[in-house]
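Structural overview for review
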Amino acid sequence: MAFPPPSSSIYPRFWVDGFDRWHFPVVIAWALVLTVLAVLPKATVVPIPQPSAPVVRRLAPTVIQVPPSGSIYAGKQPDSIAGLAEPGVIVRLYLGQQFVGQALSGLDGHFQFHVNALPRGTNMIRIVAVAAGQASWSTPITVVIAPPPANSHVRTTPRLK
């Protein structure tokens, strides 16, 4: 058995039937493409940041400073209710469960309500500061409005001597 004679062409001779001359450059090109793909840096996956809820700080405590809790007014009325809350928020005044009025606190946090007449008896006063979906209630204070003393009558008729 003899081997086939050497080929006179410049391309190598393959021992597989049907493997023509144009296959050799195609195999080399695929090898180069795969080598380049293996050497290139891999793309990094950057996660998409999920939207988070904004951080909302809590409201400062609301405090009623005037009138002091437990005050008793005999024959007269307190003319104002004042205190301290978060600066620049809506401040609402409640007498018991009844809404009386609202105002804005100043830049320093101070607020003031002018009251005309509180009913006689024990009154519970509360203030709530409202902002950004939050509420800060004050501790309730009690103010007693008593009738004037019986001996403080003012005579309207002059006395005869």
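Above: the structure in question.
Along each chain, the written sequence defines residue order, and numbers are assigned to residues from 1. The model is predicted, so local features are restricted to residues of pLDDT at least 70 and side-chain atom pairs to those at 80 or more, both for listing and for counting; the totals for chains, interfaces and linings are taken over all residues. Heavy atoms from the whole structure form the basis of all side-chain values; hydrogens and water molecules are not counted.

1. Concerning the overall build of the chain
Going by this rule: Counting from the N terminus, the helices are the DSSP runs of H or I reaching at least four residues and the strands are the DSSP runs of E reaching at least two. Classification of residues uses two cut-offs on accessible area relative to the type maximum, computed with a 1.4 Å probe and protein chains only: under 20% is buried, over 50% is exposed, and between them is partly exposed. Whether two residues are in contact is decided by their heavy atoms: any pair within 4.5 Å suffices. The accessible surface values rely on the Shrake-Rupley method and a 1.4 Å probe; as for residues, cover is taken only from the protein chains in view.
In terms of regular secondary structure, the chain is built from one helix and nine strands. Relative to its full complement of 161 residues, the chain shows a buried share of 23%. A fraction of 56% describes how many contacts in the chain between residues 6 or more apart in sequence connect residues 24 or more apart. With an accessible surface of roughly 12900 Å², the chain has 64% of that area assigned to carbon and sulfur atoms.

2. Some remarks on the sheet that holds strand β3 (residues 80-84)
This is how it is decided: Two strands are counted as paired when DSSP detects at least two bridges linking them. Interaxial angles span 0 to 180 degrees and are taken between N-to-C directions of axes, which are lines fitted to C-alpha atoms, for helices over the stretch in contact.
Here we have three strands laid out as an open sheet, ordered β1-β3-β6, and antiparallel in their pairing. Across the chains shown, the open sheet's two edge strands, defined by having one partner strand only, are β1 (63-66) and β6 (110-114). Going from strand to strand, the sheet's axes swing by 30° on average, the running direction of each strand aside. Pairing of β1 with β3, which is carried by three bridges, proceeds in the antiparallel orientation. Following the sheet pairing, Val-66 is matched in β3 by Ala-82.

3. Notes on the pairing of strand β9 (residues 141-146)
Across four bridges, strand β2 (residues 71-74) lies against β9 in parallel orientation. Bridging from a neighbouring strand, Tyr-73 pairs with Ile-145 of β9. Across five bridges, strand β7 (residues 121-131) lies against β9 in antiparallel orientation. Bridge pairing in β9 places Gly-121 opposite Ile-145.

4. Some details on a nonpolar patch on the surface
Here is the rule: Here a patch means residues that are over 30% exposed by relative accessible area and free of salt bridges, tied together within 9 Å if like-charged and within 5 Å if nonpolar (Val, Leu, Ile, Met, Phe, Trp, Tyr). Throughout this description, the term salt bridge denotes a Lys or Arg side-chain nitrogen within 4 Å of a carboxyl oxygen of Asp or Glu.
Together, Val-26, Trp-30, Val-33, Leu-34, Val-36, Leu-37 and Leu-40 line one region of the surface with nonpolar side chains, adding up to about 680 Å² of accessible area. Within the fold, Leu-34 resides in helix α1 (residues 23-39). A residue is classified by how much of its surface remains accessible, and Leu-34, at 53% relative accessible area, is exposed.

5. Some thoughts on unusual backbone geometry
Omega for the bond connecting Val-66 with Pro-67 falls within 30 degrees of zero, at 0°, which places this linkage in the cis form. The topology assignment puts Pro-67 in the loop between β1 and β2. A positive phi is found at Ala-132, a non-glycine position, where the angle reads about 55°. Looking at the element boundaries, Ala-132 is found in the loop between β7 and β8 (134-137).

6. Looking at the nonpolar core
Selection criterion: We call a set of buried Ala, Val, Leu, Ile, Met, Phe, Trp, Tyr and Cys residues a nonpolar core when their side-chain atoms join them within 4.5 Å.
Ile-81, Val-91, Leu-93, Phe-113, Ile-125 and Ile-127 are the most contacted members of the largest nonpolar core, which totals 19 residues. Looking at this core, the elements that each hand over two or more residues are β4 (90-95), β6, β7 and β9. Look past the residues within four positions of Ile-81 in its chain and what remains in contact with it is Ile-64, Val-66, Pro-67, Leu-93, Phe-111, Gln-112, Phe-113, Val-115 and Ile-125.

7. Structural notes on the environment of Gly-75
Within the fold, Gly-75 resides in the loop between β2 and β3. Separated by 71 residues in sequence, Gly-75 and Ala-146 place their C-alpha atoms 6.3 Å apart.

8. A short note on the packing of aromatic side chains
The test is simple: Aromatic pairing here means that ring centres of Phe, Tyr or Trp (its six-membered ring) are within 6.5 Å. Orientation follows from the plane angle: under 30 degrees is stacked, over 60 is edge-to-face, and everything else is tilted.
This structure, assessed with the given rule, holds three aromatic pairs. Through a chain of ring-to-ring contacts, the aromatic side chains of Tyr-94, Phe-99 and Trp-137 assemble into a single cluster.

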